[in-house]
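Residue-level structural notes
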Amino acid sequence: MKRVVVQLSDQDAQVLKLYAAKWGLTLSQTLEEMSRSHIHGSASVCTYSRDLLSNEDVAIDKRAGKECFGFKCRCCAYTLQCRTGLYQGDWKIDDRYKHLLIENEEKEELAS
């Protein structure tokens, strides 16, 4: 593994730390997943990204062509199956994360 140094504003660094902690990830794991979804996702539509991964002998993530690829993977009911290429369906939030959806928050406010 290579070491990469990233400089962020104090606010962005704090948000990143809190986000990583929420999901039980290290900062490195969080940034790796974010950069991977960005680069691999763009490789499904961008020749530069596709060729970059090919030239570096990096296989394109099996989820890269899916509309839901990226931050939604974090709380999908099919994360593992999709990551390994066994699930081809659309994003479905895992029941344990439904309370985090803004649309559910809005429904709760209306019910109050």
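Refer to the structure printed above.
The sections below set out a description of the structure shown in this document. From a predicted model like this one, the values you see are computed outputs, not experimental measurements.

1. Some details on a nonpolar patch on the surface
Together, Val4, Val6, Leu8, Tyr19, Leu31, Met34 and Phe71 make up a nonpolar patch on the protein surface, roughly 670 Å² of accessible area in all. For Met34, the location among the structural elements is in helix H2 (residues 27–43).

2. Examining the pattern of salt bridges
Taken as a whole and assessed by the stated rule, the structure comprises 7 salt bridges. Arg74 is paired through a salt bridge with Glu33; the nearest N and O atoms lie 2.7 Å apart. Of this pair, Arg74 sits in the loop between helix H3 (47–55) and helix H4 (79–83) while Glu33 sits in helix H2, and the two are 41 residues apart along the sequence. By relative accessible area, Arg74 is classed as buried at 18%. Here Glu33 and Arg83 are joined by a salt bridge, their closest N and O atoms 4.0 Å apart. You can see Glu33 sitting in helix H2 and its partner Arg83 sitting in helix H4, a full 50 residues away along the chain. Since its relative accessible area comes to 37%, Arg83 is described here as partly exposed. A single salt-bridge network, built from bridges that share partners, covers Glu33, Arg74 and Arg83.

3. What about the packing of aromatic side chains?
Following the criterion strictly, the structure yields 3 aromatic pairs and no others. For the pair Trp23 and Tyr97, a centre-to-centre distance of 5.3 Å together with 65° between the ring planes defines the contact as edge-to-face. Here Trp23, found in the loop between helix H1 (10–22) and H2, pairs with Tyr97, found in the loop between H4 and helix H5 (102–111); they are 74 residues apart in sequence, far enough to count as distant. One exposure class covers both Trp23 and Tyr97, and it is buried. Counting every residue linked through ring pairs, the aromatic cluster contains Tyr19, Trp23 and Tyr97. Over the ring of Trp91 we find Lys72, and its NZ or CZ is 4.9 Å from the ring centre.

4. A few points about the environment of Val6
Note that Val6 resides in the segment before H1. As for Val6 and Leu31, which are separated by 25 residues in sequence, their C-alpha atoms are 9.7 Å apart.

5. Quick word on H1
Along its 13 residues, H1 runs 18 Å from first to last C-alpha, staying within 8% of the 18 Å computed at 1.5 Å per residue. Looking at the residues trailing H1, positive phi occurs at Gly24, about 70°.

Rules used in this analysis
Residues numbered from 1 in each chain as written. Predicted model: local features only at pLDDT ≥ 70, side-chain atom pairs only at ≥ 80, totals over all residues. Heavy atoms only, no water. Patch = residues over 30% accessible without salt bridge, like charges linked within 9 Å, V, L, I, M, F, W, Y side chains within 5 Å. Areas by Shrake-Rupley, 256 points an atom, 1.4 Å probe, with all protein chains shown as cover. Salt bridge = Lys/Arg side-chain N within 4 Å of Asp/Glu carboxyl O. Helix = DSSP H or I, 4+ residues; strand = E, 2+ residues; numbered from the N terminus. Buried < 20%, exposed > 50% of the residue type's maximum accessible area, 1.4 Å probe, protein only. Phe/Tyr/Trp six-rings, centres within 6.5 Å; stacked < 30°, edge-to-face > 60°. Lys NZ or Arg CZ within 6 Å of the ring centre and 35° of its normal. Expected span 1.5 Å × (residues − 1).

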